[in-house]
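# What the coordinates show
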Amino acid sequence: MSAAALPPPPPPPHLRTWPDRAALLAERDRTLTELHLRSLGVHRVLLLWLLALAAIIGWALLVLPVQLLEERDPTGFLLGPLFALLGVASLTPAVVTVALAVRRDGELRRLLDIWLALDSRPESDARLRAPGLSLFWLLSSLVLAATGLWTVFAAPLTAPVRTPCADTVLTTGVGTILWLAGLIGVVKAVRHYRWALRLARPRHRARPRPH
C-alpha cells in the first residue's frame, strides 16, 4: 500500500549489464526482498486495520444525521450535512486506498515472478515463503472477519427489540467493513501460500549470459 514506486522489472537480455552471475544474484536478492516486504510486511496488516478504522469512522459519521433525525434533534438539520460531509471525507479515501492496494498487489506478484524466473538461488528464495508471516496474516484476518460476521448477524439478535433504525444500519455497516477487511487479508494469505508452494517446487531455469 505504499505510495513509493515499485522496483522495475529486470532489463531485457540485450540490455543487461551485470558483470557476472554473482552481481545478478545480488541485485535479484535485493529486489526480491524489497518486493516481498512491500507485499507481506507487518506494516501492510497494520495499514489495512487503520484503513478499516477510518472507514468505520466515516460510516459512523454518515449514520449520525439519521440518528439525529430519529431523535428529533433540531440540530440535525444544521449538523447533519456537516457530519455527512465528514463521513464521506473519511470513508471515500479509505475505500479508494484499499482498492488501489489490491490492484497493486497484482503488480507486486507479477514482479516477484519475473525476478524469480531470472535465475535460481534456493537458499535465499526459501526465505520468501515466510510461513510465520503468512500465518499471522491468516489468523489475524480470520479474527477480523469473524468479528465482522458476529457484528452483522449475532449482535442484532442480542439487541433490544425496539432498536432504532440508525443503530441497526450502523452495526451492519461496521460489521461489513470488518468482514471485508478480514476477507482481504485471508485472500492475501491464501494467495501467498499458493505462491509459496509453487516457489518450493524444483524449477529449471536457463541462466542468462552476463554482458
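All values reported here derive from a predicted model rather than from experimental measurement. (Residues numbered from 1 in each chain as written. Predicted model: local features only at pLDDT ≥ 70, side-chain atom pairs only at ≥ 80, totals over all residues. Heavy atoms only, no water.)

### A short note on the overall build of the protein chain
Keep this limit in mind: Working definition: helices are DSSP H or I runs of at least four residues, strands are E runs of at least two. Numbering for both runs from the N terminus. The contact criterion used is simple: two residues touch if any of their non-hydrogen atoms lie within 4.5 Å. Surface exposure here means Shrake-Rupley accessible area, sampled with a 1.4 Å probe, where a residue is shielded only by the protein chains that are shown.
When helices and strands are tallied, the protein chain shows six helices and zero strands. Along the chain direction, N to C, the helices and strands of the protein chain fall in the order α-α-α-α-α-α. A separation threshold of at least 6 residues defines the contact pool for the protein chain, and within that pool the share at least 24 residues apart is 89%. Carbon together with sulfur atoms contributes 70% to the accessible area of the protein chain, which is approximately 12,500 Å² in total.

### Here's the deal with the nonpolar core
For soluble globular proteins, nonpolar side chains are generally found buried alongside one another. For clarity, the cut-off: The definition of a nonpolar core used throughout is a set of buried Ala, Val, Leu, Ile, Met, Phe, Trp, Tyr and Cys residues joined through side-chain atoms within 4.5 Å. Working definition: with a 1.4 Å probe on protein chains only, accessible area under 20% of the residue-type maximum means buried, over 50% means exposed, and in between means partly exposed.
Of all hydrophobic cores here, the largest spans 14 residues; its most connected members are Leu 32, Leu 35, Trp 115, Leu 116, Leu 128 and Trp 195. Contributions of two or more residues to this core are made by helix H1 (21–40), helix H3 (76–118) and helix H6 (165–200). Per-element tally for this core: the top contributor is H3, with six residues. If you look at the next biggest cluster of nonpolar residues, it comprises twelve residues, including Ala 52, Val 98, Leu 144 and Ile 177.

### Regarding the packing of H1 against H3
Note the threshold: For every element, the axis is a line fit to its C-alpha atoms; helices are fit only across the contacting stretch, and the angle between N-to-C directions ranges from 0 to 180 degrees. The scheme is simple: roughly parallel for angles under 35 degrees, roughly antiparallel for over 145, roughly perpendicular for 65 to 115, oblique for anything else. Take the far helix as your reference; a near helix turned counterclockwise from it by less than a right angle gives a left-handed crossing, and one turned clockwise gives a right-handed crossing. Nonpolar residues are Ala, Val, Leu, Ile, Met, Phe, Trp, Tyr, Cys and Pro. Charged residues are Asp, Glu, Lys and Arg, and all others, Gly as well, are polar.
One can describe the packing of H1 onto H3 by two numbers: an axis separation of 10 Å at closest approach and a directional angle of 160°. As judged from the angle between their axes, H1 and H3 are roughly antiparallel. Crossing of H1 against H3: the hand is left-handed. Residue-level inspection shows Leu 24, Glu 27, Arg 28, Thr 31, Leu 32, Leu 35, His 36, Arg 38 and Ser 39 of H1 in contact with H3, the latter providing Arg 104, Leu 108, Leu 111, Leu 112, Trp 115, Leu 116 and Leu 118. Within the contact of H1 with H3, the residues separate by chemical class into nine nonpolar, three polar and four charged.

### As for H1
Rules: To estimate how far a helix should reach, multiply one less than its number of residues by 1.5 Å. Contacts described as polar in this section are N or O atom pairs within 3.5 Å, which, within protein, must combine one atom able to donate a hydrogen with one able to accept it, while residues neighboring in sequence count only if both atoms come from side chains.
Counted at 1.5 Å a residue, the expected span for H1 with its 20 residues is 28 Å, and the 28 Å between its end C-alpha atoms agrees. The set of residues buried in H1 consists of Leu 24, Leu 25, Arg 28, Asp 29, Thr 31, Leu 32, Leu 35, His 36, Arg 38, Ser 39 and Leu 40. With a side-chain oxygen lying 3.3 Å from the backbone nitrogen of Ala 22, the N-terminal cap of H1 falls on Asp 20.

### Considering the environment of Leu 64
Following the sequence through the fold, Leu 64 ends up in helix H2 (residues 42–70). When its relative accessible area of 24% is taken as the criterion, Leu 64 is described as partly exposed. C-alpha separation for the pair Leu 64 and Gly 80, spaced 16 residues apart in sequence, amounts to 7.2 Å.

### Here's the deal with the environment of Thr 92
When you line up the elements, Thr 92 lands in helix H3. Of the residues examined, Thr 92 reaches a relative accessible area of 41% and is grouped as partly exposed. A C-alpha to C-alpha distance of 9.4 Å links Thr 92 and Ala 54, two positions 38 residues apart in sequence. Polar side-chain contacts of Thr 92 include one of 2.9 Å to the backbone oxygen of Val 88.

### Brief notes about the pattern of salt bridges
For clarity, the threshold we go by: Salt bridges are defined by distance alone: a side-chain nitrogen of Lys or Arg within 4 Å of a carboxyl oxygen of Asp or Glu.
Enumeration according to the criterion identifies nine salt bridges in this entry. Between Asp 105 and Arg 44 there is a salt bridge, with the nearest N and O atoms lying 2.9 Å from each other. Here Arg 44 lies in helix H2 and Asp 105 lies in helix H3, a separation of 61 residues in the sequence. A single burial state applies to Asp 105 and to Arg 44, both of which are buried. Among the ionic pairs, Lys 188 bridges to Asp 105, the shortest N-O distance being 3.2 Å. Of this pair, Lys 188 sits in helix H6 while Asp 105 sits in helix H3, placing them 83 residues apart in sequence.

### As for a nonpolar patch on the surface
Rules: Only residues whose relative accessible area exceeds 30% and that form no salt bridge enter a patch; like-charged residues are grouped when within 9 Å of one another, and nonpolar side chains (Val, Leu, Ile, Met, Phe, Trp, Tyr) when within 5 Å.
A cluster of nonpolar side chains, contributed by Leu 149, Phe 153, Trp 179, Leu 180, Leu 183 and Val 187, occupies part of the molecular surface with about 510 Å² of accessible area. If you list the elements that add at least two residues to the nonpolar patch, you get helix H5 (131–158) and H6. It is H6 that provides the largest number of residues to the nonpolar patch, a total of four residues. Mapped onto the elements of the fold, Leu 180 is located in helix H6. In this structure Leu 180 comes out as partly exposed when scored by relative accessible area, which is 41%.

### With respect to unusual backbone geometry
Although it is not a glycine, Ala 130 adopts a positive phi angle of roughly 40°. Position of Ala 130 relative to the elements: it lies in the loop between helix H4 (122–125) and H5.

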